[in-house]
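# Structural characterization, general
These are the residues of each chain, in order.
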Amino acid sequence: MSDPLTMTAGGALLARLKRIGVDYVFANSGTDFPPIIEGLAEAAAKDIDLPQAIVIPHEGAAMAMAHGYYLATGRSQAVMAHTNVGLANCAIGAINAAVEHVPVLLFSGRTPTTERDRFGARTVPIGWGQEMRDQTALVREAVKWDYELRFPEQVAEVVDRAWAIANSAPRGPVYVSLPREVLCQAAPSDGLDQPPLMQPTRAHASQDQIEQAAQILASARNPVIFAQHGAGSAEAFAALSELAQDWGIPVCQYWALGLAIPTDHPMAAGPDPAPLLEQADAILVLDALAPWSPDIHTPDAACRIIQMGPDPLSARIPIRNFRSDLSIACDTADGILALKRAMDAHRPVDVADRARREADVNARDRMQVLDRARSGGEGAMTKDWVSLCLSRALQGQDASVLSELGCPMAPMTLDHHRAWYQEPHAGGLGWSFPAALGMQLADRDRLIVATMGDGSYMFANPVACHQIAEALSLPLLVVIVNNAEWGAVRQSVLGLYPDGHAARTNAMPLTQLAPAPDFTLVAQASRAWARSVPDGRDLPAALQAALDHIRTTRSLALLDVRVRPA
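This part is about the overall build of the protein chain. Counting its regular elements, the protein chain contains 20 helices and 19 strands. A compact globule built from 566 residues would reach a C-alpha radius of gyration of about 24 Å, and the protein chain, at 25 Å, matches this within 12%. The buried share among the 566 residues of the protein chain stands at 56%. A sequence separation of at least 24 residues applies to 76% of the contacts in the protein chain between residues at least 6 apart. When the accessible surface of the protein chain is totalled, it reaches about 23700 Å², and 54% of it is carbon and sulfur.

What follows deals with the packing of aromatic side chains. One pair of aromatic rings is described through two measures. These are the centre distance and the angle between the planes. On inspection of all chains with the given rule, the structure shows 7 aromatic pairs. For the ring pair Tyr 24 and Tyr 69, a centre distance of 5.5 Å and an interplane angle of 70° mean the geometry is edge-to-face. A residue pair is termed long-range when its members are at least 10 positions apart, and Tyr 24 in strand β2 (residues 24–27) and Tyr 69 in helix α3 (residues 59–73) qualify at 45 residues. Its relative accessible area of 12% is what places Tyr 24 among the buried residues. Their ring planes at 10° and their centres at 6.2 Å tell us that Trp 145 and Tyr 147 sit as a pair that is stacked.

A few words on the packing of α3 against helix α4 (residues 83–99). Running from amino to carboxyl end, α3 crosses α4 at an angle of 30°, the nearest separation of the two axes being 7 Å. The orientation of α3 with respect to α4, classified from their angle, is roughly parallel. Judged by the twist between their axes, the crossing of α3 over α4 is right-handed. Here α3 contributes Glu 59, Gly 60, Met 63 and His 67 to the contact with α4, which in turn contributes Gly 86, Asn 89, Cys 90, Gly 93, Ala 94, Asn 96 and Ala 97. For the contact of α3 with α4, the residue count by class is 4 nonpolar, 6 polar and 1 charged.

Right, let's get into the pattern of salt bridges. Considering all chains together, one arrives at 27 salt bridges under this definition. The partner of Arg 110 in a salt bridge is Glu 131, with the nearest N and O atoms 3.2 Å apart. Of this pair, Arg 110 sits in strand β5 (residues 105–110) while Glu 131 sits in the loop between α5 (126–129) and β6 (146–148); the two residues are 21 residues apart in sequence, bridging distant segments of the chain. In this structure, Asp 331 and Arg 171 form a salt bridge, with 3.3 Å as the shortest nitrogen-oxygen distance. Linking Asp 331 in the loop between β13 (326–329) and α11 (332–346) with Arg 171 in the loop between α6 (155–166) and β7 (174–179), this pair joins segments that are 160 residues apart in sequence. Its relative accessible area of 22% is what places Arg 171 among the partly exposed residues. Bridged by salt links that share partners, the residues Arg 110, Arg 122, Glu 131 and Glu 148 form one connected network.

Among the 6 residues that make up β5, 6 are buried, leaving the element largely enclosed by the rest of the structure. Here strand β4 (residues 78–81) runs beside β5; their pairing, made up of 4 bridges, is parallel. By the bridge assignment for β5, Ala 81 is matched with Ser 108. Crossover β4 to β5 through α4 is right-handed. With 6 bridges joining them, β5 and β7 adopt parallel strand pairing. In the sheet register, Ser 108 faces β7, and the bridge partner there is Ser 177.

Turning our attention to the nonpolar core. Of all hydrophobic cores here, the largest spans 74 residues; its most connected members are Val 386, Leu 390, Leu 477, Leu 539, Leu 543 and Val 561. Core analysis: the next-biggest nonpolar cluster, separate from the first, contains 55 residues, Val 139, Tyr 457, Phe 519 and Ala 530 among them.

Once that is clear, we can look at the sheet that holds β2. Read from one edge to the other, the open sheet built from 6 strands follows the order β3-β2-β4-β5-β7-β6, with strand pairing classed as parallel. Two strands lie at the open edges of the sheet, namely β3 (52–55) and β6, each paired on one side alone. On average, each strand axis in the sheet is tilted by 20° relative to the strand beside it, whichever way the strands run. Strand direction decides the pairing type here: β6 and β7, joined by 3 bridges, are parallel. Its bridge partner being in β7, Tyr 147 is matched across the sheet by Val 176. On the sheet, α6 packs against β5, β6 and β7 and is oriented at approximately 160° with respect to β7.

Turning to the environment of Arg 150, a few remarks are in order. Inspection of the secondary structure puts Arg 150 in the loop between β6 and α6. Between the C-alpha atoms of Arg 150 and Arg 354, which are 204 residues apart in sequence, the distance is 63 Å.

Let's shift gears to the environment of Met 80. Among the secondary structure elements, Met 80 is positioned in strand β4. A relative accessible area of 3% places Met 80 in the buried class.

Thresholds, definitions, all that
- Residues numbered from 1 in each chain as written.
- Predicted model: local features only at pLDDT ≥ 70, side-chain atom pairs only at ≥ 80, totals over all residues.
- Heavy atoms only, no water.
- Helix = DSSP H or I, 4+ residues; strand = E, 2+ residues; numbered from the N terminus.
- Rg over C-alpha atoms; globule rule 2.2 N^0.38 Å.
- Buried < 20%, exposed > 50% of the residue type's maximum accessible area, 1.4 Å probe, protein only.
- Contact = heavy atoms within 4.5 Å.
- Areas by Shrake-Rupley, 256 points an atom, 1.4 Å probe, with all protein chains shown as cover.
- Phe/Tyr/Trp six-rings, centres within 6.5 Å; stacked < 30°, edge-to-face > 60°.
- Axes fitted to C-alpha atoms, helices over the stretch in contact; angles between N-to-C directions.
- Parallel < 35°, antiparallel > 145°, perpendicular 65-115°, else oblique.
- Left-handed = near helix turned anticlockwise from the far one by under 90°.
- Nonpolar A, V, L, I, M, F, W, Y, C, P; charged D, E, K, R; others polar.
- Salt bridge = Lys/Arg side-chain N within 4 Å of Asp/Glu carboxyl O.
- Pairing = 2+ DSSP bridges.
- Right-handed = clockwise from strand over helix to strand, strands pointing away.
- Core = buried A, V, L, I, M, F, W, Y, C linked by side-chain atoms within 4.5 Å.

Quick look at the structure:
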């Protein structure tokens, strides 16, 4: 009979995760999991509260679901994988999370190091086959901190440290390896319900820095704001919208991963930085990994540049040499709110002409975008047409769109800070579908849309994702923008070799995905509602039918939308 004051280290680990705020453990189990599984059963028998452990049949989906859950809630979740092979499948998700400052608590088992005479020792041939000299090397460059659990009595302290480091600015994933022999040992159960041993650090801008930034922007003739990761909160979204309007400052959302101001805001500039940089004498960069392309965009030497965000110099990136005359480390939302207060004290003077000029330019550019989108709905449609139709279908709904090389943002009308998320700049594809599953799990009543290219859909391990959606009753809308090719690769070739042989002959080796699979059959294998839409004129009705299905059945709907080549 077990000691009532102890439990397996695996069970203690799970109990501590619950205490620090982890709701879910996204797990794909293996032969290293018996003490974790026993811990779940033991905790249930002892009425100990644990996170909900969910079977996720591919680790890439598990990482993206934790990513999406964090975007929806601001709370880091746990992923648990099987030894080195499961960890290898987590690596892309860890890279995505690292680049986007998403604090995932990543765990994987470690194959037993003992061959006999110890409980938990190797029992099957893979115990030898999965042995590595340095298992953590699979993710070390992507994580902020790593450790291998050595003793069962370390469990609570190691979990607390992992959580605090992951959630300290700049946030990011952490990794702990879990040897099976250690997890099988008894760990003390007292104290597992105590508050965390340590708290995360936060970065705060000094008032002096905020005043300097406000003075630079207030005195500029042609200030510009570049925002890439949104505003950070609903309050900051509103504050940035007001600041831009009051001061007549255009906001460029170049390769935006989150929405910083509404797409139809008078100061919402087009996505091309070039015309803005040509005239800018002051630039505020808000949490942007690459606010423009140095190869083709060059700010004036006299322009004052402010970089503000959780990691304004992107210290973990070896090469990133964007100029920063004033570097302000802070949570983006906090920085925006502080800057708005400082700018209010300056009171804008003589900006009416600038505001009208920028609003006219932005209105003209947006009208061109919408006209181009409206012209792309005949027969094989354009991506812009798909975006426009989706935007119309979502009007009046508090929805979130996660786009991965799918629907472009420009033709959409988006007006709140949770409206738009784009694939991480790390480019670990297969993200939007499982990230949307995680976001839907966090908010089951919200309409979540995952839109992606056909290649990204295949990268997402769609059989696994559809199984998850059915098992957890997650009613996503999935829109595949299907051009039967790697469209981003085509555009990259044309960008480097606009007059090359591939461009002249329109022959693009290594980009074609034809013949295109019938993706509706993949979805239908998990009892999802699925339709193919080859003609743009049928798309509005198809979107409405998909949304009606979600509303009435609360289950996933998929549209395989055939579009023209990029």
